[in-house]
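# Survey of secondary and tertiary structure
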Amino acid sequence: MDERARSAIERHWNDAAKIQKNKKFRLRWWESPTIIRHVNQTICGEPIDGWNAGAIRLLQQKSDDRKKLYSAVSIGCGEGIKEMQLLESNLVQKFLCFELAEERIRKGKQIAEAKGLQDRILFFKEDFFVSGYSRQSYDMVFWDNSLHHMMDVYTAVKKSYDILKPGGVFFCNDFVGKNKFQWSDMELAIVNGIRMSLDDKIFQKSNGEIYKRIVTRPGIDDMNQSDPSEAADSESIIPAIQKVFAKPIMIPTGGLIYHLCLNGILSNIEEDSELLQHLLDLDDETIKMGLSQYAFVLAYKEG
């Protein structure tokens, strides 16, 4: 990664960390408890609450006959909240977390201290792949919506395999859709067909403005200027994992509807409504069509 791209990425995520979220408005799918329960059920068969709860449940089930996960590394950890979940579940004893945005690290350290986890989670503001830590071995490599920010996904997955101890865990919950969000004609046809069928009031903003009804592909130049790492090589995630790991557990978790179709307008759809459930049922149908934008993967290094 060149210095210009690194600086742009760092600036983007520092700015994002400073934004105060308004809990009243669910603009993105991960802010909806209903959608989170739906995703968890897809992963582990139970509609349980909490981000990654389904993934953690599945990991617990698969780890019964495996050794304790003492050391784990997370690349692109953000504030480390997801990593702290695994620490609090005692599935992992210690996390080394790497992040480029200083503001996110600052917040992460505050959260860890408040939870009493400051001795079990260490933050580093550096590129993991050029650090000395990339030559150590770990019981787990943790990727949660950060692998799709890697410029070369295959190299990142292969490196993950190389630094795992025999029997080590590769944990990946990530966006696996189109590079740079260059949606296919089929994806846009499905999404815009649904949006055209929705009531006008769903597209009304609180300030009186109107959300655009038709979804289009974003400009690549604009994306690169904002965050060069966004979905840089996301289409390569599934093929890379299949090439590197033997018999990975792969679970498509959808997203064409709840991620792309409902982006922004989700705040105008009632949380427990029949409409939201109907849209999630439609999302399940798009998984069957091979159009999932997200996936959970659990893989182990042989030995």
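Placed above this text is the structure.
Residues numbered from 1 in each chain as written. Predicted model: local features only at pLDDT ≥ 70, side-chain atom pairs only at ≥ 80, totals over all residues. Heavy atoms only, no water.

Under the criterion given, the structure shown has 20 aromatic pairs. For the ring pair phenylalanine 128 and phenylalanine 129, a centre distance of 5.5 Å and an interplane angle of 75° mean the geometry is edge-to-face. With relative accessibility at 2%, the residue phenylalanine 128 sits in the buried group. Put simply, the rings of Trp29, Trp30, Trp51, Phe175, Phe181, Trp183, Tyr258 and Tyr294 pair up and form one aromatic cluster. Positioned over the ring face of tyrosine 154 is lysine 243, at 5.0 Å from the centre of the ring. Here the basic side chain of lysine 301 rests over the ring of tyrosine 161, its NZ or CZ set 4.9 Å away from the ring centre. (Phe/Tyr/Trp six-rings, centres within 6.5 Å; stacked < 30°, edge-to-face > 60°. Buried < 20%, exposed > 50% of the residue type's maximum accessible area, 1.4 Å probe, protein only. Lys NZ or Arg CZ within 6 Å of the ring centre and 35° of its normal.)

One pass over the structure, following the stated rule, counts 12 salt bridges. Among the salt bridges present, the one from glutamate 103 reaches arginine 106, with a minimum N-O distance of 2.5 Å. Within this pair, glutamate 103 and its partner arginine 106 are both found in helix H5 (residues 102-115), separated by 3 residues, close to a single helical turn. The class of arginine 106 is partly exposed, set by a relative accessible area of 39%. (Salt bridge = Lys/Arg side-chain N within 4 Å of Asp/Glu carboxyl O. Helix = DSSP H or I, 4+ residues; strand = E, 2+ residues; numbered from the N terminus.)

Time to look at the environment of glycine 54. Considering the arrangement of structural elements, one finds glycine 54 in helix H3 (residues 53-62). Separated by 18 residues in the primary sequence, glycine 54 and isoleucine 36 place their C-alpha atoms 9.1 Å from one another. Residue contacts for glycine 54: discarding those within four places in its chain leaves Asn40, Ile43, Cys44 and Ile48. (Contact = heavy atoms within 4.5 Å.)

Attention now goes to the sheet that holds strand S3 (residues 121-124). Spatial strand order, S3-S2-S1-S4-S5-S7-S6: 7 strands in an open sheet with mixed pairing. Of all strands in the sheet, those bounded by a partner on one side alone are S3 and strand S6 (249-254). On average, each strand axis in the sheet is tilted by 15° relative to the strand beside it, whichever way the strands run. Two elements, S6 and strand S7 (residues 294-300), share 5 bridges in a ladder whose sense is antiparallel. (Pairing = 2+ DSSP bridges. Axes fitted to C-alpha atoms, helices over the stretch in contact; angles between N-to-C directions.)

Applying the stated rule across the entire model yields 1 cavity of 30 Å³ or more. With 4 residues, helix H2 (residues 33-44) is the largest single contributor of residues to the lining of the largest cavity. Grouping the amino acids of the lining of the largest cavity by side-chain chemistry returns 7 nonpolar, 4 polar and no charged. (1 Å grid on protein atoms, 1.4 Å probe; cavity = no way out; pocket = protein on both sides within 12 Å on 5 of 7 lines; lining within 4 Å. Points joined across faces, edges and corners; volume = space filled by probe spheres on them. Nonpolar A, V, L, I, M, F, W, Y, C, P; charged D, E, K, R; others polar.)

This brings us to the packing of helix H6 (residues 153-163) against helix H9 (residues 237-244). With their axes 9 Å apart at the nearest point, H6 and H9 run at an angle of 35° to one another. Here H6 runs over H9; the crossing is right-handed. Listed contacts from H9 to Val153, Tyr154, Val157, Lys158 and Tyr161 of H6 are Ile237, Ala240, Ile241, Lys243 and Val244. Among the residues making up the contact of H6 with H9, the classes are represented as 8 nonpolar, no polar and 2 charged. (Left-handed = near helix turned anticlockwise from the far one by under 90°.)

Glancing now at the packing of H2 against helix H11 (residues 274-288). Contact geometry for H2 and H11: axes closest at 11 Å, N-to-C directions at 35°. For the pair H2 and H11, the crossing hand works out as right-handed. Every residue of H11 that contacts H2 at Thr34, Ile35 and His38 is listed here: Leu276, Leu280 and Asp284. The residue inventory of the contact of H2 with H11, partitioned by class, reads 3 nonpolar, 2 polar and 1 charged.

Let's shift gears to the environment of valine 297. The residue valine 297 is located in strand S7 in this model. Judged by its relative accessible area of 1%, valine 297 is buried. Residues valine 297 and asparagine 207 lie 90 residues apart in sequence; the distance between their C-alpha atoms is 41 Å. Setting aside its immediate chain neighbours within four residues, valine 297 contacts Phe170, Phe171, Cys172, Ile238, Ile241, Pro248, Ile249 and Met250.

One pass over the structure, following the stated rule, counts 0 disulfides. Here cysteine 77 is not cross-linked by a disulfide; its sulfur's nearest cysteine counterpart is in cysteine 97, at 4.4 Å. When its relative accessible area of 9% is taken as the criterion, cysteine 77 is described as buried. (Disulfide = S-S within 2.5 Å.)

As a volume, the second largest pocket reaches approximately 200 Å³. Surrounding the second largest pocket, 14 residues form its lining, Val176, Gly290, Leu291, Ser292 and Gln293 being those nearest its centre. Grouping the amino acids of the lining of the second largest pocket by side-chain chemistry returns 7 nonpolar, 4 polar and 3 charged.

This next bit is on H2. For H2, with 12 residues, the first-to-last C-alpha span of 16 Å sits near the 16 Å given by 1.5 Å per residue. Listed in full, the buried residues belonging to H2 are Thr34, Ile35, Ile36, His38, Val39, Asn40, Ile43 and Cys44. Contacts made by the buried residues of H2 are with H3, S6, helix H10 (256-261), H11 and S7. Once H2 ends, the next one or two residues include glycine 45, with phi positive near 90°. (Expected span 1.5 Å × (residues − 1).)

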